[in-house]
Amino acid sequence: MLLEIHDPKARPRPIGIDLGTTNSLVARVRDGRPVVIDDCGEPAMVPSAVAYTDGGEVVVGKAALRLSSENPANAAVSVKRLMGRGADDPETRRLGTYDFVAPTNENEAKSVRFRVAGRVLSPIEVSAEILKALRQIAEAELRSVGGAVITVPAYFDDAQRQATKDAAKLAGIEVLRLLNEPTAAALAYGLEKKQNGLFAVYDLGGGTFDITILRLHDGVFEVKSTGGDSQLGGDDMDRAIADVLLREMRGSADVATAPRSVVRLALDLARRAKHGLTDAEAVDVEVPGKGEGGEAINKSVTITRAQLDALILPMVERTGSACKRAMRDAGVTSAEIDGVILVGGSTRVPIVRTFVAKVFGKEPLGDIDPDQVVALGAAVQADLLAGEGNAEDVLLLDVLPLSLGIATMGGVVEKILPRNTTIPAGARQTFTTYADNQTGFDLHVVQGERELAADCRSLAQFFLKGIPPLPAGLARLEVTFHVDADGMLSVKARETTTGVEQTIAVQPSYGLTDEQVEEMLMAAIDHGEEDLAARRLLEERVEAERIVGATIKAITGDADLLEDGERARIETAIRELREAIGGDKPALIHARSEMLDQATKGWAERRMDRAIARAIAGKNVGDVEGDVEGARGVDAHVAEHAARRGGGEI
Amino acid sequence: MDAFDTLGLAPAFDLDEAELAKRHRDLVKALHPDKFVGCPPAERRMALGKTIEVNEAVRTLRDPIRRAEVLARRRGLPVGETSEPAPPAALLMEMMEEREELAEATGARDALRVEKMAIRMRTRQAAVQKRLGEALASEARTGEVLPILGEMRYVRRLLDDVLAFEDSLF
């Protein structure tokens, strides 16, 4: 049974979470500055490891790592690399210590699953345990946690982002925003330095590599381009060293036949050797091996920095290509970049620092701990989103990391939103039928840069029915893509020629359905339905109180835009909603929230129009006159053109 | 509402990049969904929709081809590849030859040769873009807009293939 620290009477506070491959952290803003929250007196850097004891207890962090070295079969580590991956993903066949479970049906194949201590788990459930542990650390200090910004690698695709959101949902954490890790780091740095300019964020973590080029201008952090590799990081360095150690231990590096406990030991020793080589030129590693006669002996293996450099050079060079591509995509050269920010524990490896300095032609900045900077940035963004910070001045504008498209006939991808498009983003594309009397469209949404759908990530597949039979090419299907500020995609499709409209909810090709998440939630909570209802009530209350607060604040600011009787209607709606909040019916709170929503809609539109007019108002009178003249010119052109076209037809 | 209206900018092909960037910043600072957290859902949806419009308008105006399309539409020209006039045979011929040259160079993975082509195409793109700007600036030359736009599209497609090749090298 978990210790319940949560205090419902305390004011909920926002937190920032860096859910890492190797370590996870939780941070918050205290007295205007982001700080990592302490656990037992030291900054809580929780190893991203979860162990399951024979007694059915779930253990997270350092204790889990300890249990894991005793019995790797009872623990899960580095699951971030498996987030949003299907059972058939190549990642599942790489050097690791998982006991993967083959899917028995199509639904199961959507998420990789593995066996830990006799349980069959998905990476989402394991991540949820880590998030729960972080939430408890935060609750110990803050009494009540109000919502979290959780960071993800910029290069995470839609399925990986969705998996992260699902994990948060399972952990009972409200996600204020998924924030890209490099952007979070830039936020922590940028606010510290208050300096405009062009920055590169080089983020090499335990399992992922991101490179982001962004411009900081008067509080707006505008990402220009991003790139990377969602499966490249310190883990790969460990694997390369572990290969060497395994050869010494077993005479061959054949991982397939090595027991998982041996692989785990080799990986642990490899990581320690890597850390040692940050300061030393050579380290000795004691490994168990076999003597001449096959007897068990301890061997000492020396690994030098030069050896390490040679092993990891190919990985480091891969990051270099991504850096060059990101600069090209941003339309900048290395000379224009004002500063390079290093993020992630793997940037401590000396050859990585040297390499980064070479690629960008300047020494990287390192004044914020690369392990903490992402969590600190997340805390700042959480504070802004919760309306606690100085939100007027700061805004993050991120981009789509990978192109989104539709697979057309023949499996060729038609890109609808290219990579590095600023989000939130939307685009619309029209497709036509290819066969006579075709009554349905098969839509396949993919993400990636390759030309063929088969080489891209499949995000969703759905079938639009009910199209009236028409000759080929006559029916028109309009597909709309929307990407929100979390970088999450939604797709709508409608047939336009005949007026038949159909909107389809996308079923993800990977990840979990809402029902599956709900089921896991039920299973995870001790009292099942009862607790779920209590949680829903709490969530509705928090949300409704927030809306009431925002509306009252808006009335003080924009009262002049209220029409006759509108204020009275809004105030009635607020009173009724407050009554519902005082009660215990989540459905009633929800319904009353919607009524307030309706009552404020017209007014909100007017406020938004005024905000637009104010934003544009920077222009001078001459520009306005120019606009009017331009408009007249258009009319003249239209008339002229119509006349000419008319002449042509005779 | 076209992209110029959305951003409140005077319609012109020669666009001040810095002004566009500033207007973008000013508008998203006012409209971004992050500024509406905790507001009623309808308002949040509205903010999201408006921000998408603004971002899309900026994307449109940053791209010379799409910017020219917006301006051509303002003149009532039938924009869109299916309605635009067919390109002259000479241009088609020339582009076919360039395409063959590019296919050969990429097939041989001859990065230097591709780069040489890319430089030639970028120079050409700049020249075509200049002509397009001139045609769009003068009402008397409206008739030239679509043919030049067509030429831009051909050059762009070649450059897209160059980019795809570069991507495969990274």
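Residues numbered from 1 in each chain as written. Chains lettered and ligands numbered in written order. Predicted model: local features only at pLDDT ≥ 70, side-chain atom pairs only at ≥ 80, totals over all residues.

**A word on the overall build of chain B**
Item 1. Across its full length, chain B holds seven helices and zero strands.
Item 2. Along chain B, helices and strands appear, N-terminal first, in the series α-α-α-α-α-α-α.
Item 3. The C-alpha radius of gyration computed for chain B amounts to 20 Å, which surpasses the reference 15 Å derived for 170 residues by more than 25%, pointing to a less compact arrangement than a globule.
Item 4. In terms of its C-alpha atoms, chain B occupies a principal-axis envelope of roughly 60 × 45 × 30 Å.
Item 5. Expressed as a percentage of the 170 residues in chain B, the buried residues total 35%. (Helix = DSSP H or I, 4+ residues; strand = E, 2+ residues; numbered from the N terminus. Rg over C-alpha atoms; globule rule 2.2 N^0.38 Å. Buried ≥ 20, exposed ≤ 12 C-beta atoms within 10 Å, placed from the backbone.)

**Side note on the confidence of the model for chain A**
Item 1. Averaged over all residues, the pLDDT of chain A is 82; the fraction at 70 or higher stands at 85%.
Item 2. This stretch, residues 619-650 of chain A, has a pLDDT under 50; its non-local contacts, to residues over four places away or in other chains, come to 18 contacts. (pLDDT = per-residue confidence, 0-100. Contact = placed C-beta atoms within 7 Å.)

**Observations regarding the sheet that holds strand 20 (residues 395-397) of chain A**
Item 1. With mixed pairing, five strands are arranged side by side in an open sheet as 19-14-15-16-20 (chain A). Each edge of the open sheet carries a strand with a single partner, namely strand 19 (339-343) and strand 20 of chain A. Between one strand axis and the next, the sheet turns by 25° as a mean value, whatever way the strands run.
Item 2. In this structure, strand 14 (residues 197-204) of chain A lies alongside strand 19 of chain A, joined through five bridges in parallel fashion. When the bridges of strand 19 of chain A are listed, A:Val201 appears paired with A:Ile341.
Item 3. In this fold helix 2 (residues 17-31) of chain B packs onto strand 15 (209-217), strand 16 (220-229) and strand 20 of chain A, with an angle of close to 115° to the strand it touches most, strand 20 of chain A. (Pairing = 2+ DSSP bridges. Axes fitted to C-alpha atoms, helices over the stretch in contact; angles between N-to-C directions.)

**Side note on the sheet that holds strand 8 (residues 58-60) of chain A**
Residues and elements named next belong to chain A.
Item 1. Strand order in the open sheet made by the three strands is 8-7-9, with antiparallel pairing throughout. The sheet terminates laterally at strand 8 and strand 9 (75-77), the two strands that pair on one side only. Strand-to-strand, the axes of this sheet are offset by a mean angle of 15°, without reference to chain direction.
Item 2. Of the pairings in the sheet, the one linking strand 7 (residues 49-52) to strand 8 comprises three bridges and is antiparallel in character. Looking across to strand 8, one finds that Ala 51 is bridged to Val 59.
Item 3. Across the sheet, helix 1 (residues 62-70) lies against strand 7, strand 8 and strand 9, angled at about 60° from strand 7, the strand it touches most.
Item 4. Packing of helix 3 (residues 123-142) onto the sheet brings it into contact with strand 7, strand 8 and strand 9, and relative to strand 8 it is tilted by some 65°.

**Remarks on unusual backbone geometry**
Residues and elements named next belong to chain A.
Item 1. Of the consecutive residues Ile 423 and Pro 424, the connecting peptide bond is found in the cis state with omega at 0°.
Item 2. You can see Pro 424 is positioned in the loop between strand 22 (413-417) and strand 23 (425-432).
Item 3. If you check the backbone angles, Ala 117 has positive phi at about 45° while not being a glycine.
Item 4. Tracing the chain through its elements places Ala 117 in the loop between strand 10 (114-116) and strand 11 (119-121).

**Considerations on the packing of helix 14 (residues 586-616) of chain A against helix 2 of chain B**
In a pair of packed helices, the angle between the axes and the distance between the axes together describe the arrangement.
Item 1. Running from amino to carboxyl end, helix 14 of chain A crosses helix 2 of chain B at an angle of 155°, the nearest separation of the two axes being 9 Å. Looking at the two axes, helix 14 of chain A sits roughly antiparallel to helix 2 of chain B. Both helix 14 of chain A and helix 2 of chain B take part in a crossing whose hand is right-handed. Residues A:Ala611, A:Ile612, A:Arg614 and A:Ala615 of helix 14 of chain A pack against B:Asp26, B:Leu27, B:Ala30 and B:Leu31 of helix 2 of chain B. (Parallel < 35°, antiparallel > 145°, perpendicular 65-115°, else oblique. Left-handed = near helix turned anticlockwise from the far one by under 90°.)

**Observations concerning the interface of chain A and chain B**
Item 1. Between chain A and chain B, the residue contacts involve 51 residues of the former and 38 residues of the latter.
Item 2. For the side of chain A that touches chain B, the secondary structure elements donating two or more residues are helix 8 (305-330), helix 10 (373-385), strand 20, strand 23, helix 12 (529-558), helix 14 and helix 15 (621-649) of chain A.

**What about helix 6 (residues 111-137) of chain B?**
Residue and element names in this part refer to chain B.
Item 1. With 27 residues, helix 6 extends 38 Å from end C-alpha to end C-alpha; this agrees with the ideal 39 Å at 1.5 Å per step.
Item 2. For helix 6, the set of buried residues is Val 114, Met 117, Ala 118, Val 128, Leu 132, Ala 135 and Leu 136.
Item 3. The elements touched by buried residues of helix 6 are helix 4 (64-74), helix 5 (89-107) and helix 7 (142-169). (Expected span 1.5 Å × (residues − 1).)

**Details of helix 8 of chain A**
All names here are of chain A.
Item 1. Between its terminal C-alpha atoms helix 8 stretches 35 Å, which fits the 38 Å expected from 26 residues at 1.5 Å a residue.
Item 2. The sharpest bend along helix 8 measures roughly 50° and falls at Ile 312, with the proline Pro 314 sitting one to four residues further on.
Item 3. When helix 8 is considered as a whole, its buried residues turn out to be Leu 308, Leu 311, Ile 312, Met 315, Val 316, Thr 319, Ala 322, Cys 323, Ala 326, Met 327 and Ala 330.
Item 4. Where helix 8 ends, the next residue or the one after it, Gly 331, has phi of about 70°, a positive value. (Bend = angle between axes of the 7 residues up to and from the residue.)

**A few points about the confidence of the model for chain B**
Item 1. Averaged over chain B, the pLDDT score is 90; the fraction of residues at 70 or greater is 100%.
Item 2. With pTM at 0.84, the complex prediction returns an ipTM value of 0.90.

**Considerations on the pairing of strand 26 (residues 476-483) of chain A**
Residues and elements named next belong to chain A.
Item 1. The alternating pattern of strand 26 places Leu 477, Val 479, Phe 481 and Val 483 on a buried face, while none of Arg 476, Glu 478, Thr 480 and His 482, on the opposite face, is buried.
Item 2. In this structure, strand 23 lies alongside strand 26, joined through eight bridges in antiparallel fashion. Bridging from a neighbouring strand, Ala 425 pairs with Val 483 of strand 26.
Item 3. Taken together, the seven bridges between strand 26 and strand 27 (residues 489-495) define a ladder with antiparallel strand orientation. Following the sheet pairing, Val 479 is matched in strand 27 by Ala 493.
Item 4. Connecting the antiparallel pair strand 26 and strand 27 is a turn made up of five residues, with Gly 487 showing a positive phi of about 85°.

**Overview of the domain arrangement of chain A**
Residue and element names in this part refer to chain A.
Item 1. As far as domains go, chain A holds domain 1 (13-232 + 321-397), domain 2 (234-311), domain 3 (404-511) and domain 4 (525-616).
Item 2. Computed over C-alpha atoms only, the centres of domain 1 and domain 2 are separated by 28 Å.
Item 3. Counting residues at the interface gives 19 residues for domain 1, matched by 15 residues for domain 2.
Item 4. For the side of domain 1 that touches domain 2, a count of residues per class yields seven nonpolar, ten polar and two charged. (Domains from an automatic or database assignment. Nonpolar A, V, L, I, M, F, W, Y, C, P; charged D, E, K, R; others polar.)

**Considering the environment of A:Arg260**
Item 1. Examined against the element boundaries, A:Arg260 turns out to sit in helix 7 (residues 260-276).
Item 2. Each C-alpha atom, one on A:Arg260 and one on A:Pro72, is 7.2 Å from the other, the two residues being 188 residues apart in sequence.

**Quick notes on the environment of A:Thr53**
Residue and element names in this part refer to chain A.
Item 1. With respect to the helices, strands and loops of the structure, Thr 53 is situated in the loop between strand 7 and strand 8.
Item 2. The class of Thr 53 is partly exposed, set by 15 C-beta atoms lying within 10 Å.
Item 3. Here the alpha-carbon distance between Thr 53 and Val 116, two residues 63 residues apart in the chain, equals 9.8 Å.

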